[in-house]
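Breakdown of the fold
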Amino acid sequence: MNGILAVVGLAGTGKSTVVAMVQKATGAPVVYFGGVIVGEVRRRGLPVNEQTERTVREEVRRLHGMSAVAQLAADDIGKQLTEQPLVIIDGLYSYAEYEYLTERFPDTLRTLAVHAPREMREERLGKRAHRPLTPEEITSRDLREISTLDKATPIVLADWHVVNDDSVDVLAERLDRVGLTDVPMSR
């Protein structure tokens, strides 16, 4: 595989698990879009928490548009592509980011959408150690990400779709069936 693989999905679907599995199988570097914002929070000397991350993320997008995170990560992605045949993006958040990356890296970006039933997402997000969410918070986040960020478009238009509603072994089988290791990234 050559190019950029962006893993997309709503919170709690298992994107990070999928990213880790693909990274382990390919050895590709991972660019975590959430980390771009955390880095900016730290650069400003602010405490890293949900409120400061949201404030900085919203400010960066207000100043640079909805593709701001992709813009901030693009140089790192480009550098990684000169050193590695594949770069994995954990957490493409908006259609504007998708458009920016397809313009910046023509014929290079492919997407993998990860899905999970709502009940499983609620269970996973309610139990996570870092920033657990209630079902109401999940609904609020989903609606905000879909309406404000246009997060649903890259999910719906993804090149591949995987449902993560079983064990890690079943998820690995489903990723194998998608054929990520056999499908060339360039279109």
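Our subject in this report is the structure included herewith. It should be emphasised that the depicted structure is a prediction, and the values quoted were computed from it without experimental measurement.

Moving on: the overall build of the protein chain. Scanning the protein chain from terminus to terminus reveals nine helices and five strands. Reading the secondary structure of the protein chain in the N-to-C direction produces β-α-β-α-α-α-β-α-β-α-α-α-β-α. Taking 2.2 N^0.38 as the reference for a compact globule, 187 residues should give roughly 16 Å; the C-alpha atoms of the protein chain span a radius of gyration of 16 Å, in line with that estimate. Referenced to the eigenvectors of the C-alpha coordinate spread, the extents of the protein chain come out at roughly 40 × 35 × 25 Å. Expressed as a percentage of its 187 residues, the buried residues of the protein chain come to 44%. Excluding contacts between residues fewer than 6 apart, the proportion of contacts in the protein chain whose partners are at least 24 apart in sequence is 75%.

Before going further, it helps to examine the pattern of salt bridges. As a working rule, side chains carrying opposite charge can pair if their charged atoms are close by. A complete count under the given rule lists 14 salt bridges for this structure. Lys-79 is paired through a salt bridge with Glu-83; the nearest N and O atoms lie 3.0 Å apart. You can see Lys-79 and its partner Glu-83 sitting in helix 4 (residues 68–83), four residues apart, about one turn around the helix. The class for Lys-79 is partly exposed, based on a relative accessible area of 46%. Between Arg-174 and Asp-165 there is a salt bridge whose closest N-O contact spans 2.6 Å. Judged by relative accessible area, which is 22%, Arg-174 ranks as partly exposed.

Here we take up the nonpolar core. With 29 residues, the main nonpolar core has Phe-33, Ile-77, Ile-89, Leu-92 and Leu-101 as its most contacted residues. Counting only elements with at least two residues in this core, the list comes to strand 1 (3–8), helix 2 (33–43), helix 3 (50–64), helix 4, strand 3 (86–90), helix 5 (95–104) and strand 4 (109–115). Ranked by residue count, the leading element in this core is helix 4, at six residues. In this view, Leu-101 contacts Phe-33, Ala-70, Ile-77, Ile-89, Leu-92 and Leu-109; residues no more than four positions away in its chain are not counted.

Rules used in this analysis
- Residues numbered from 1 in each chain as written.
- Predicted model: local features only at pLDDT ≥ 70, side-chain atom pairs only at ≥ 80, totals over all residues.
- Heavy atoms only, no water.
- Helix = DSSP H or I, 4+ residues; strand = E, 2+ residues; numbered from the N terminus.
- Rg over C-alpha atoms; globule rule 2.2 N^0.38 Å.
- Buried < 20%, exposed > 50% of the residue type's maximum accessible area, 1.4 Å probe, protein only.
- Contact = heavy atoms within 4.5 Å.
- Salt bridge = Lys/Arg side-chain N within 4 Å of Asp/Glu carboxyl O.
- Core = buried A, V, L, I, M, F, W, Y, C linked by side-chain atoms within 4.5 Å.

Everything listed is a geometric property; what it means functionally is a separate question.
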